[in-house]
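What follows is each chain in one-letter form.
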Amino acid sequence: MSEYNFNQIEKKWQRYWEQNQTFRAEAASEKPKYYSLDMFPYPSGAGLHVGHPLGYIASDIVSRYKRSKGFNVLHPMGFDAFGLPAEQYAIQTGQHPAITTEQNITRYLEQLKNLGFSFEWEREVRTSDPGYYKWTQWIFMQLFQSYYNYSAEAAEPIDQLVRAFEESGNQKVNAACDEDTPAFTSDEWLAMTEQQKAEMLLKYRLTYVAEAVVNWCPALGTVLANDEVKDGVSERGGYPVERKRMRQWMMRITAYAERLLQGLDKIDWPEPVKEMQRNWIGKSIGAEMAFAIENSDQQIKVFTTRIDTIYGVTFLVLAPEHELVNQITTTEQAFEVETYVAVAKNRSERERMADVKTISGAFTGAYAINPFNGEKIPVYIADYVLAGYGTGAVMAVPSGDQRDWNFATHFNLPIVQVLDAQQDIAHQADATKEGRYMNSEIINGLTYQEAMPVLIKFLEDNGVGKAKINFRMRDAVFSRQRYWGEPVPVYFKDGIPHLIQESELPLELPKIDAYLPTETGEPPLGRAVDWKYQNEHPYELSTMPGWAGSSWYWYRYMDPQNEQAFVDQDVVNYWRSVDLYIGGSEHATGHLLYSRFWNKFLFDMALVPEDEPFKKLINQGMIQGRSNFVYRLKDSNTFVSFGLKEQYDTTELHVDVNIVENDVLDLEAFKSWRAEYASAEFILEDGKYICGVEIEKMSKSKYNVVNPDDLVERLGADTLRMYEMFLGPLEQFKPWNTNGMDGVNKFLRRFWKLFFDKDGNLAVSDAEPTPVELKSLHKTIKKVEEDIERFSFNTSVSTFMICVNELVQLKCNKRAILEPLTIILAPYAPHITEELWEKLGHSESISFAQFPTWNADYLIENSFEYPVSINGKMRAKLTFATDAAREEMEKAVVADEQVQKFLEGKSPKKIIIVQNKIINVVV
């Protein structure tokens, strides 16, 4: 007797795959290569819920399919193991983050292996392993030793820049550098002290230390990235975040802005992700100009894409964090300005950009001079201007910009029309470029195209500005005031950063007594005793951000044991780049952008062969939780069923979905769930307690988390894999409903039974298949192949179900049909197919079986089922060969019993046959 015992089958094959290294990829092969990668997870203490494996299942299907198509497939997995959650837990408990991380990874490994993924676990990497972050530190060192040459459109060694300085200073150098970099001659360079030269080179290095406006969270004691701040508070913990100037390590990603923008046209990524990156990079073509400050030697630099509206400028606006605010604010306005700055600095850039309704600001008391007409214009601060975009200052043209118009209207400032085509500017701004200029002195009567060169010439002739391309993207902050991250391989001598020797890598995290900042405000690494380079020079006390280790990890999978290089050149030249990358769209302007930046740098250094890391990207949608609710009567421990709740005054409460089935609450389980419900009473409907339902994000707080381990134990990993794909298109959000898994489980059982007789004995026939059986198989092969190639996995599951139902009806048990069907089902349900493959007599894993080829000859339709209408009403269906003679079809229609019943003994006046469409009998 052979039963489908999925628990035994799945454990058996998971052991087999691990022991035999079934999914081992060759370092080089004559086969074509395919690199399938998932965004590796951060191992949280909560473990996986059913939403997490969605993308992993999809990439696994593709990986298994590609192997059967003859590809050498690299399909690895690892862990993004540094992070704030482990550090926060360490602060609370005193336990080293490495211990927590190891425990969490062990849990993740168990869960992932239970789902039967074809990951090559021998290649596993962990970003917190010193053997891994040695190479993260090494890449940092290469960035530090490089600058970006715009003329070569590539990064180059800093030594080449030094030679240029020695020969002719920096006046012929076309390189990415700080805005305030002064011009100097070769003589001036040679006259500089070593300290001065080091400081000057920091203005060019691709990673450098500088003052930057950052998101500072006092409660967490660290800087946060923009995507870690929501509505002015930290995403983790909900603590207040303020904007603050701090000395930080930076990455000069802006040097690569144009290449990052152009590279988007070469990769197969979702258009929304590419558009997010385009907007984040934010290329603008315009002009930069300087406004002098009245009674001051200071100037306010402004970048604008609409220099043509210069005569419509009626005020300037600075970001609250702008460095000139304190210098130009008058004594009379100081209190108002300081109060406004204190509020504004606690709002994130994202919040300030999104809030278009709130109009606020403060007058500094200072006036700027318009260089074109000499007019005095007031200078305000307002939080709709961001320090990180352009120069942190805006020339406000209320007639052409709606935010400027709102501000001018609110503060009763002038609105000047500058184009005769502008309409209704008393009620709203009009940003048109049409018409001819008015109230604009040197460009009056000109069109936009005619005015622009006149204005740019005026700027350059008068030394107050120039044409310029600007990018919204700022250099990336590369410091975190945390313990649990990669140490920066740098020490300081006389305040200047110096790299340690490569032979001294990795620079490992020192032991400390607590994971909090020091009493004097230094980062946690400040607690390390005698942690100095050569016992003399202090190390950098900040660590790298979470994105450091994830910005190159796909290369380490190619060659994870290499101790001489981050990846061997021959190996990387074989695997080249990632063919398929699956992960969440929330990483669009974080991980995905930084990864592209680091990859382009490594390409410039001739360390990798491709300048884009991920050829194809798919963003999987979210599996949402299906929450259940109970309704408690106010001031009681009595709960009323959903259908009766309107009759009572109730409070809605989330209830654990794991004690609810088909929305019916398990009353005894509910009483045991929490101590306060032990004495609960219930008002039922039809003898049951029906719960309310709502689709929400899956989270512990909503008690709607479904653990995949429980489902694998109850229904099997193959059922879970296929059900997750069956829920809908991979990219879409879809609600989870455990009840729907039963249908997939029944399908697998029907498939299993095709191979056995009623007594449970293997009963596969070697007889020749019929045309109908071949048609069922080959249309399935064709559909499944097409679906996987276009990543449409949900429709494949439906196709499998239809095929198996057809074969059951045909009572088909023929090897020529079942064997190919088993191969094409294997990527979706690997355990059941491995078991049946073995029972069919094969000694090698089904992973090495060739994907069958569909034959178009078997798909030719040789018959058609005609709907038969009598006097316009459909009364019967008859099947004829597609080449049947018309006379034969007419005779068969008249002779049919169902048709005769409606003819009532009469002869048809006419029989109309529309070939392969319809038959209409006119009586």
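All chains use their own residue numbering, which begins from 1 and follows the written sequence. Only residues with pLDDT of 70 or above have their local features reported here, since the model is predicted, and side-chain atom pairs are shown and tallied only from 80 upward, although totals for entire chains, interfaces and linings are computed over all residues. The basis for the side-chain values is all heavy atoms of the structure; hydrogens and waters are excluded.

A. A look at the packing of helix 1 (residues 6-20) against helix 21 (residues 708-715). Axis definition: a line fit to C-alpha positions, over the contact stretch in the case of helices; interaxial angles, taken between N-to-C directions, run 0 to 180 degrees. Only DSSP runs of H or I covering at least 4 residues are called helices, and only runs of E covering at least 2 are called strands; the numbering of each starts at the N terminus. Taken N-terminus to C-terminus, the directions of helix 1 and helix 21 make an angle of 115 degrees; their axes are 8 Å apart at the nearest point. On helix 21, the residues that touch Phe6, Asn7 and Glu10 of helix 1 are Val712, Glu713, Arg714 and Leu715. All residues other than Ala, Val, Leu, Ile, Met, Phe, Trp, Tyr, Cys, Pro, Asp, Glu, Lys and Arg, Gly among them, are scored as polar; the first ten of these are nonpolar and the last four charged. Here the residues of the contact of helix 1 with helix 21 are counted per class, giving three nonpolar, one polar and three charged. The contact definition used throughout considers only heavy atoms, calling two residues in contact when any of these lie within 4.5 Å.

B. Representation of the packing of aromatic side chains within the structure. Pairing of aromatic rings covers Phe, Tyr and Trp, the last through its six-membered ring, and needs centres within 6.5 Å; plane angles under 30 degrees mean stacked, over 60 mean edge-to-face, and all others mean tilted. For the structure shown, the criterion picks out 71 aromatic pairs. Ring centres 3.7 Å apart and planes at 10 degrees place the aromatic pair Phe40 and Tyr553 in the stacked group. A residue pair is termed long-range when its members are at least 10 positions apart, and Phe40 in the loop between strand 1 (33-38) and helix 2 (54-68) and Tyr553 in helix 17 (residues 553-558) qualify at 513 residues. Tyr553 matches Phe40 in its accessibility class, with the two residues each being buried. Following the ring pairs from residue to residue traces out a cluster consisting of Phe40, Tyr132, Trp135, Trp138, Trp552, Tyr553, Trp554, Tyr555, Tyr557, Phe566, Tyr581 and Phe614. Geometrically, a lysine NZ or arginine CZ counts as sitting over a ring once it is within 6 Å of the ring centre and also within 35 degrees of the ring normal. Between the NZ or CZ atom of Lys782 and the centre of the ring of Trp854, over which it lies, the distance is 5.3 Å. In this scheme, a residue with accessible area under 20% of its type's maximum is buried, one over 50% is exposed, and one in between is partly exposed, where area comes from a 1.4 Å probe on protein chains only.

C. Here's a closer look at the pattern of salt bridges. Put simply, a salt bridge is a Lys or Arg side-chain nitrogen that is within 4 Å of an Asp or Glu carboxyl oxygen. Counting across every chain of the model gives 49 salt bridges. Residue Glu275 is joined to Arg278 by a salt bridge in which the shortest nitrogen-to-oxygen separation is 3.1 Å. Of this pair, Glu275 and Arg278 both sit in helix 10 (residues 271-281), three residues apart, roughly one helical turn. Note that Lys468 and Glu288 form a salt bridge whose closest N and O atoms lie 3.1 Å from each other. With Lys468 in strand 16 (residues 465-471) and Glu288 in strand 10 (residues 283-293), this pair connects stretches of sequence that are 180 residues apart. A single salt-bridge network, built from bridges that share partners, covers Lys266, Arg596, Lys600, Asp611 and Glu612.

D. Quick peek at the sheet that holds strand 9 (residues 242-251). Pairing is antiparallel across the open sheet formed by four strands, whose spatial order is 6-5-9-17. Pairing within the sheet leaves two strands with one partner each, and these edge strands are strand 6 (222-224) and strand 17 (476-477). Whether two strands pair comes down to DSSP finding at least two bridges between them. Sheet topology places strand 5 (residues 207-217) next to strand 6; three bridges connect them, and they run antiparallel. Across the sheet, the residue bridging to Asn215 is Leu224, located in strand 6. Packing against the sheet, helix 5 (residues 130-144) makes contact with strand 5 and strand 9, and its axis sits at approximately 90 degrees to strand 9.

E. Spotlight on helix 12 (residues 334-344). Val337, Tyr340 and Ala344 are the residues of helix 12 that are buried. Looking down the long axis of helix 12, one finds its buried residues gathered within 65 degrees of arc, a one-sided arrangement. Turned more than 90 degrees away from the buried face of helix 12 sit Phe335, Glu338 and Val343, all of them exposed. The directions from the helix axis to the C-beta atoms form the arc being described.

F. Structural detail: the sheet that holds strand 32 (residues 863-870). Taken together, four strands build an open sheet; the order of strands is 33-32-35-34 and the sheet is mixed. Of all strands in the sheet, those bounded by a partner on one side alone are strand 33 (873-881) and strand 34 (910-914). With direction set aside, neighbouring strand axes in the sheet form an average angle of 20 degrees. Two strands pair when backbone bridges link them, and strand 34 and strand 35 (residues 918-922) are joined in this way by five bridges, in the antiparallel orientation. If you follow Ile913 over to strand 35, its bridge partner there is Ile919.

G. Highlighting the environment of Leu84. By the secondary structure assignment, Leu84 is in helix 3 (residues 84-93). Classification of Leu84 by relative accessible area gives buried; the value is 9%. As a C-alpha pair, Leu84 and Thr331 span 247 residues in sequence and 43 Å in three-dimensional space. When sequence neighbours within four positions are dropped, the list of residues in contact with Leu84 reads Leu220, Leu224, Arg236 and Arg482.

H. Spotlight on the pairing of strand 18 (residues 490-493). Of the pairings in the sheet, the one linking strand 18 to strand 19 (residues 496-499) comprises four bridges and is antiparallel in character. Across the sheet, Val490 pairs through a bridge with Leu499, a residue of strand 19. Joining the antiparallel neighbours strand 18 and strand 19 is a turn of two residues, in which Asp494 adopts a positive phi near 55 degrees.

I. Fine view of the side chain of Gln422. Checked against the element boundaries, Gln422 lands in the loop between helix 14 (402-411) and helix 15 (448-461). A 3.5 Å cut-off defines polar contacts: any pair of N or O atoms within that distance qualifies, except that in protein one atom must be a possible hydrogen donor and the other a possible acceptor, and neighbouring residues in sequence count only when both atoms are side-chain atoms. Of note is the side chain of Gln422, whose polar atom sits 3.1 Å from the backbone oxygen of Asp430. Discounting residues that sit within four places of it in the chain, Gln422 has contacts with Ser399, Gly400, Gln417, Asp430 and Thr432.

J. Summary view of the pairing of strand 10. Across the 11 residues that make up strand 10, a large majority, eight, are buried. As judged from the seven bridges shared by strand 10 and strand 16, these two strands associate in the antiparallel manner. Within strand 16, the residue paired with Met289 across the bridge is Gly465. The pairing of strand 10 with strand 11 (residues 299-304) spans six bridges and is antiparallel. Pairing of Glu288 across the sheet is with Phe303, part of strand 11.

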